[in-house]
Amino acid sequence: QRRQDLADATLPAVTRDGVRVQLAANIGSPGEWENARALGAEGVGLFRSEFLFMGRDAFPSEEEQFAAYRQAAEGCGGHLCVIRTLDIGGDKPLAHLAIGHEDNPFLGWRAIRISLERTDLFRTQLKAILRAGCYGKVAVMLPMVISAGEIRQARAILTEATEELARERREFAADVPVGIMVETPAAAATASLLAPACDFFSIGTNDLVQYTLAVDRGNPKVAPLYSHFHPAVLRLIDATIQAARQQGIWVGMCGEMAGDPLAAPLLVGMGIDELSMSAPSIPQVKAVIRNLSICEAQEMREAALAMDDAAAVRAYLEKWRRSAA
Ligand code: PEP
Ligand code: MG
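Please read these numbers as outputs of a predicted model, since none were measured by experiment.

**Student:** Could you give an account of the nonpolar core, naming the residues involved and the relevant values?
**Tutor:** If you look at the biggest cluster of nonpolar residues, it comprises 99 residues, and the most contacted ones within it are Val44, Tyr69, Cys81, Ile83, Ile180 and Phe201. For this core, the element with the highest residue contribution is helix α10 (residues 231-246), accounting for seven residues. For phenylalanine 201, the residues in contact, after removing those within four places along its chain, are Gly179, Ile180, Val182, Ala191, Thr240, Ala244, Ile249 and Val251.

Below you can see the structure in the form of structure tokens.
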């Protein structure tokens, strides 16, 4: 079965009745793209840029960032490369940025909150991304957003970045799409209010599950409570997807749930446009989608959304998978 999945890597992820889903890869450095492409990735749905910033004692320069983003954009060869702006804080401290002690780092100064205060760092990063946009299709993705005001502020800084580049007579892409990670309950619950400020959404289930269920994603003691099939999580995901579709922006997912073959029929039934995952998961998720019809996916969505318990949802999806195999 797995060997067959690999042989099918170049086939599109399309349901039996013709609905196409984009399967993309999560990468942490440009060098990871080649392997992802071999496994069937159609672009990068999440480039975690923080890996450029970690494990060193100074911030990377605009040139250094530009080189990395350009390599990723060029590599994707016509496919979209979604570059997430700096997502540090929480479980990802930076030695050269004094965050200071926080009682609750996951509820503290992290991600977009840092970028909107350290606008110097943010502008540098945005300039590097805009310049890379001349070498491929790139998009900017903002992490940990909770309000439309943050998106508007980020867009204002993006405008400043373009103005600076124009003054410096640099080449840059003027039309880079801007989207957000929907990874806080606040963003999911207000998706219809955020969509007008966005070109796309990407649902980050790793944090969305943690914040919705109040369950630390890294604490083994509470790991049994951590499930992307919890009814609260499923409802937030569904509401986010419906809001995006109603307002005509594309919506993807880049948390671990996107690479879970059990979840794929549910997400397709909800109307997801793109799934971005760690590359080794792509062949099996693709095989599930190619074996699915939209009708049955929509029925599964309805059935799962009516269940009051994560274990029941999982059992239901496992049963379907066995019967479809
Ligand atoms: C997420 O939160 O789902 C996500 C993809 O981001 P990270 O795992 O890097 O926090
Ligand atoms: Mg996250």
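Next, the rest of the story.
**Student:** If you had to explain the site of ligand 1 to someone new, which residues and values would you point to?
**Tutor:** In the vicinity of ligand 1, the contacting residues are Leu46, Arg48, Asp87, Glu183, Gly204, Thr205, Asn206, Asp207, Cys254 and Gly255. Secondary structure elements with two or more residues in the shell around ligand 1: β2 (44-48) and α9 (205-213). Ranked by the residues each element gives to the shell around ligand 1, the list is headed by α9, at three residues.

**Student:** Can you tell me about the sheet that holds strand β6 (residues 200-203), naming the residues and giving the values?
**Tutor:** What the eight strands build is a closed barrel, ordered β1-β2-β3-β4-β5-β6-β7-β8; its pairing is parallel. Sheet twist, expressed as the average angle between the axes of neighbouring strands with direction ignored, equals 25°. Pairing analysis gives four bridges linking strand β1 (residues 22-27) to strand β8 (residues 274-277), with the strands arranged parallel. Looking at the pairing, leucine 23 lines up with leucine 275 of β8. Helix α3 (residues 62-75) rests against β2, β3 (80-84) and β4 (137-142) of the sheet, and its axis sits at about 150° to β3.

**Student:** Pulling in residues and values, what's your account of the UniProt feature "binding site: phosphoenolpyruvate" (unreviewed entry) in the protein chain?
**Tutor:** As annotated in UniProt, the feature "binding site: phosphoenolpyruvate" (unreviewed entry) corresponds to Arg48, Arg84, Asn206, Asp207 and Arg217 in the numbering used here. Looking at the secondary structure, you find arginine 48 in strand β2. Take arginine 48: there are 18 C-beta atoms within 10 Å of it, and that puts it in the partly exposed class. What arginine 48 contacts, discounting residues up to four positions off in sequence, is Gly28, Arg84 and Asp87. With 24 C-beta atoms counted inside 10 Å, the residue arginine 84 sits in the buried group. If near-sequence neighbours (up to four positions away) are discounted, arginine 84 is found in contact with Leu46, Phe47, Arg48, Ser49, Met141, Pro143 and Met181.

**Student:** Tell me about the pairing of β8, and name the residues and values.
**Tutor:** For a regular strand, side chains alternate in direction, first toward one face of the sheet and then toward the other. The alternating pattern of β8 places Glu274 and Ser276 on one face and Leu275 and Met277 on the opposite face, and all of these are buried. Pairing analysis gives two bridges linking strand β7 (residues 250-253) to β8, with the strands arranged parallel. Within β8, the position partnered with glycine 252 by the bridge is glutamate 274. In the classification by handedness, the crossover that spans β7, the intervening helix α11 (residues 264-270) and the parallel β8 is right-handed.

**Student:** Give me the lowdown on the UniProt feature "binding site: Mg(2+)" (unreviewed entry) in the protein chain, citing residues and values where you can.
**Tutor:** In the UniProt entry, the feature "binding site: Mg(2+)" (unreviewed entry) is given for Glu183 and Asp207. In terms of the greatest pairwise C-alpha distance, the residues named above, spread along 25 residues, form a tight cluster of at most 5.3 Å across. Tracing the backbone shows glutamate 183 in the loop between β5 (178-182) and α7 (185-189). You can call glutamate 183 buried: it has 27 C-beta atoms within 10 Å. Once residues lying within four places of it in the same chain are set aside, the contact partners of glutamate 183 are Met144, Gly204, Asp207 and Leu208. Structurally, aspartate 207 can be placed in helix α9. The buried category is assigned to aspartate 207, around which 23 C-beta atoms lie within 10 Å. Leaving out residues up to four positions away in the same chain, aspartate 207 has contacts with Glu183 and Thr184.

**Student:** Give a description of the packing of helix α5 (residues 119-132) against helix α6 (residues 148-167) that names residues and reports values.
**Tutor:** Where α5 contacts α6, the two axes come as close as 9 Å, and the packing angle between them is 65°. Pair α5 / α6 crosses with right-handed handedness. Every residue of α6 that contacts α5 at Thr119, Phe122, Arg123, Leu126, Lys127, Leu130 and Arg131 is listed here: Ile157, Leu158, Glu160, Ala161, Thr162, Glu164 and Leu165. When its residues are assigned to classes, the contact of α5 with α6 shows seven nonpolar, two polar and five charged.

Conventions we followed
- The residue numbering used here restarts from 1 in each chain and proceeds along that chain's sequence as written.
- In the order they appear in the text, chains get letters beginning with A and ligands get numbers beginning with 1.
- Reporting in this predicted model follows two pLDDT cut-offs: at least 70 for local features of residues, and 80 or more for side-chain atom pairs to be given and counted; totals over whole chains, interfaces and linings ignore these cut-offs and use all residues.
- By convention in this section, buried Ala, Val, Leu, Ile, Met, Phe, Trp, Tyr and Cys residues joined through C-beta atoms within 7 Å make up a nonpolar core.
- Here a residue counts as buried when 20 or more other C-beta atoms sit within 10 Å of its C-beta, as exposed when there are 12 or fewer, and as partly exposed otherwise, the C-beta atoms being derived from the backbone.
- Starting at the N terminus, helices and strands are each numbered in turn, a helix being any DSSP run of H or I of at least four residues and a strand any DSSP run of E of at least two.
- Here, residues touch in the contact sense if the C-beta positions derived from the backbone fall within 7 Å of one another.
- Near residues are defined by distance alone, with the backbone-placed C-beta atom required to lie within 6 Å of the molecule or strand.
- By this definition, two strands are paired if DSSP reports at least two bridges between them.
- Every axis corresponds to a line fitted to the C-alpha atoms, with the helix fit spanning only the stretch in contact, and the corresponding angles, defined between N-to-C directions, vary from 0 to 180 degrees.
- UniProt positions are given in the numbering used here, feature names are shortened, and annotations may be inferred rather than shown by experiment.
- By convention, orient the strands away from the viewer: a clockwise path from the first strand over the helix to the second makes the crossover right-handed.
- Two helices that cross are described as forming a left-handed crossing if the nearer one is turned anticlockwise from the farther one by less than a right angle, and a right-handed crossing if clockwise.
- Classes in brief: Ala, Val, Leu, Ile, Met, Phe, Trp, Tyr, Cys and Pro nonpolar; Asp, Glu, Lys and Arg charged; the others, Gly included, polar.

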